[in-house]
Amino acid sequence: MVTLTTNHTTGVPSSLTKVVEIKNLKKSFNDRVVLNNVNLDLYERENLAVLGRSGSGKSVLIKCMVGLLRADEGDIQVLGYDVSSLSAKKLIELRLQVGFSFQGSALYDSMTVRQNLEFPLKRNLGIYDRDQLDEIVMTSLKEVGLERAIDQRPDELSGGMKKRIGIARTLILKPKIMLYDEPTSGLDPQTSEEINELILQVRDQYHTASIIITHDVSCARQVSDRVVALIDGESKLEGTFEELEAANDSNLKHFFNY
Ligand SMILES: Nc1ncnc2c1ncn2[C@@H]1O[C@H](COP(=O)(O)OP(=O)(O)O)[C@@H](O)[C@H]1O
Ligand SMILES: [Mg+2]
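Conventions and cut-offs
Residues numbered from 1 in each chain as written. Chains lettered and ligands numbered in written order. Predicted model: local features only at pLDDT ≥ 70, side-chain atom pairs only at ≥ 80, totals over all residues. Near = placed C-beta within 6 Å. Helix = DSSP H or I, 4+ residues; strand = E, 2+ residues; numbered from the N terminus. Core = buried A, V, L, I, M, F, W, Y, C linked by C-beta atoms within 7 Å. Buried ≥ 20, exposed ≤ 12 C-beta atoms within 10 Å, placed from the backbone. Domains from an automatic or database assignment. Contact = placed C-beta atoms within 7 Å. pLDDT = per-residue confidence, 0-100. Expected span 1.5 Å × (residues − 1). Pairing = 2+ DSSP bridges. Axes fitted to C-alpha atoms, helices over the stretch in contact; angles between N-to-C directions. Parallel < 35°, antiparallel > 145°, perpendicular 65-115°, else oblique. Left-handed = near helix turned anticlockwise from the far one by under 90°. Nonpolar A, V, L, I, M, F, W, Y, C, P; charged D, E, K, R; others polar.

Description of the site of ligand 1
Working step 1: For ligand 1, the full set of nearby residues is F29, V34, G52, S54, G55, S56, G57, K58, S59 and V60.
Working step 2: At 3 residues, the largest contribution of residues to the shell around ligand 1 is made by helix α1 (residues 58-65).

Description of the nonpolar core
Working step 1: By size, the foremost hydrophobic cluster in this structure holds 61 residues, and its most contacted members are V50 and M65.
Working step 2: When residues of this core are assigned to their parent elements, the largest contribution, 6 residues, is made by strand β3 (residues 32-43).
Working step 3: Mapped onto the domain boundaries, this core takes at least three residues apiece from domain 1 (2-97 + 175-252) and domain 2 (109-173).
Working step 4: In this view, M65 contacts V20, I76, V78, V83 and L179; residues no more than four positions away in its chain are not counted.

Observations concerning the confidence of the model for the protein chain
Working step 1: When pLDDT is averaged along the protein chain, the result is 92; 96% of the residues meet or exceed 70.
Working step 2: Looking over the protein chain, one finds the lowest element-wise mean pLDDT in strand β1 (residues 2-3), namely 82, and the highest in strand β4 (residues 47-51), namely 98.

A look at helix α5 (residues 159-171)
Working step 1: Counted at 1.5 Å a residue, the expected span for α5 with its 13 residues is 18 Å, and the 18 Å between its end C-alpha atoms agrees.
Working step 2: With 12 of its 13 residues buried, α5 lies for the most part within the structure.
Working step 3: Taken as a whole, α5 has its buried residues at G160, M161, K162, K163, R164, I165, G166, I167, A168, R169, T170 and L171.
Working step 4: If you follow the buried residues of α5, they end up packed against β7 (98-101), α3 (113-125), α4 (130-143), β8 (177-181) and α6 (189-206).

Focus: the pairing of β3
Working step 1: Pairing analysis gives 8 bridges linking strand β2 (residues 18-29) to β3, with the strands arranged antiparallel. Bridged to S28 within β3 is V33.
Working step 2: The turn linking β2 back onto β3 is made up of 2 residues, and N30 within it adopts a positive phi angle of 50°.

Topic: the packing of α3 against α5
Packed helix pairs are characterised by how far apart their axes lie and by the angle those axes make with each other.
Working step 1: In contact at an axis separation of 8 Å, α3 and α5 are set at 25° when each is read in the N-to-C sense. Overall, the two elements α3 and α5 adopt an arrangement that is roughly parallel. The chirality of how α3 crosses α5 is right-handed. Residue-level contacts link V113, N116, L117 and P120 of α3 to I165, A168 and R169 of α5.
Working step 2: Here the contact of α3 with α5 is built from residues that sort into 5 nonpolar, 1 polar and 1 charged.

A look at unusual backbone geometry
Working step 1: Look at N24: it is not a glycine, yet its phi comes out positive at around 50°.
Working step 2: Residue position: N24 is located in strand β2.
Working step 3: Located in the positive-phi region is R45, a residue other than glycine, with phi close to 65°.
Working step 4: As for its position among the elements, R45 is in the loop between β3 and β4.

Digging into α4
Working step 1: Counted at 1.5 Å a residue, the expected span for α4 with its 14 residues is 20 Å, and the 20 Å between its end C-alpha atoms agrees.
Working step 2: The first or second residue beyond α4 is G145, which carries a positive phi of 70°.

Thoughts on the domain arrangement of the protein chain
Working step 1: When the domains of the protein chain are assigned, the result is domain 1 (2-97 + 175-252) and domain 2 (109-173).
Working step 2: Spacing between the C-alpha centres of domain 1 and domain 2 amounts to 26 Å.
Working step 3: In this complex, domain 1 contributes 11 residues to the contact, which on the side of domain 2 involves 10 residues.
Working step 4: A per-element tally of the side of domain 1 that touches domain 2 places α6 first, with 5 residues.

Some words on the pairing of strand β11 (residues 234-239)
Working step 1: With 2 bridges joining them, β1 and β11 adopt parallel strand pairing. Looking at the pairing, T3 lines up with E238 of β11.
Working step 2: Pairing of strand β10 (residues 226-231) with β11 involves 5 bridges; the strand directions are antiparallel. Its bridge partner lying in β11, A229 is registered against L237.
Working step 3: Between β10 and β11, which follow one another and run antiparallel, lie 2 residues, and D232 among them has a positive phi close to 45°.

Looking at the environment of Y81
Working step 1: The topology assignment puts Y81 in strand β6 (residues 81-82).
Working step 2: Classification of Y81 by C-beta neighbours within 10 Å gives partly exposed; the count is 17.
Working step 3: Y81 sits 13 residues away from L94 along the chain, and the two C-alpha atoms are 7.5 Å apart.
Working step 4: When near neighbours in sequence (up to four residues on either side) are disregarded, Y81 contacts L86, K90 and L94.

Here's what the structure looks like:
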């Protein structure tokens, strides 16, 4: 991988520790090689954008990180856990600390927003106290600016609102790491910008480390401290957004219109 930043201090203070370390990750489906050689580090408190075209293996990459898919080769360390060799119990422990915001918002359509948000609190934290549930749910809705939607159902909400609620439901367990899969896909530019703002707010408010996978250049520009470009199954370039843009690399033509 070509590292455009001489050290990580451009985007991230070097005193911060790595919360994710991926080395030589490979993943194929039958004969189709999807990830060929991926190397990637994520530091505390940073927003790392992984920029790649559709079908480049971005979703596969983050699924490997939380053990939803098993890597063929390579080493994946997340919060000190060696993901490839985790027992089912340890995997659950890890997943509680890693928020996964799916490409669709993955809300339950038959439940209200309130019920959607209460679900992880009951299932994962065993909270059933009515007052406590109300308080956590309201705080969480305030943070994404959607208190008014509490009794609505997902099919009554706009695409942007659904994304916000999806992010709120992930954040409600206070994860140490957030994984955003195409957070702006299917949204108009204005709504995309609001979601990007929210992603920055999450970093600043919770000091969360996040990986934002996207093919949306404006999203990468707006949210990232650092970017890794995923090209043909490899992590080819790494640096700040400005460094990648200035690199004039033929692999990035598609994104930057050189
Ligand atoms: N479970 C699976 N089984 C077989 N092929 C898969 C599976 N998941 C993803 N793929 C293939 O891997 C490639 C990369 O997919 P994906 O990671 O979803 O791309 P994207 O960068 O758009 O998120 C695609 O060709 C896709 O068809
Ligand atoms: Mg995808």
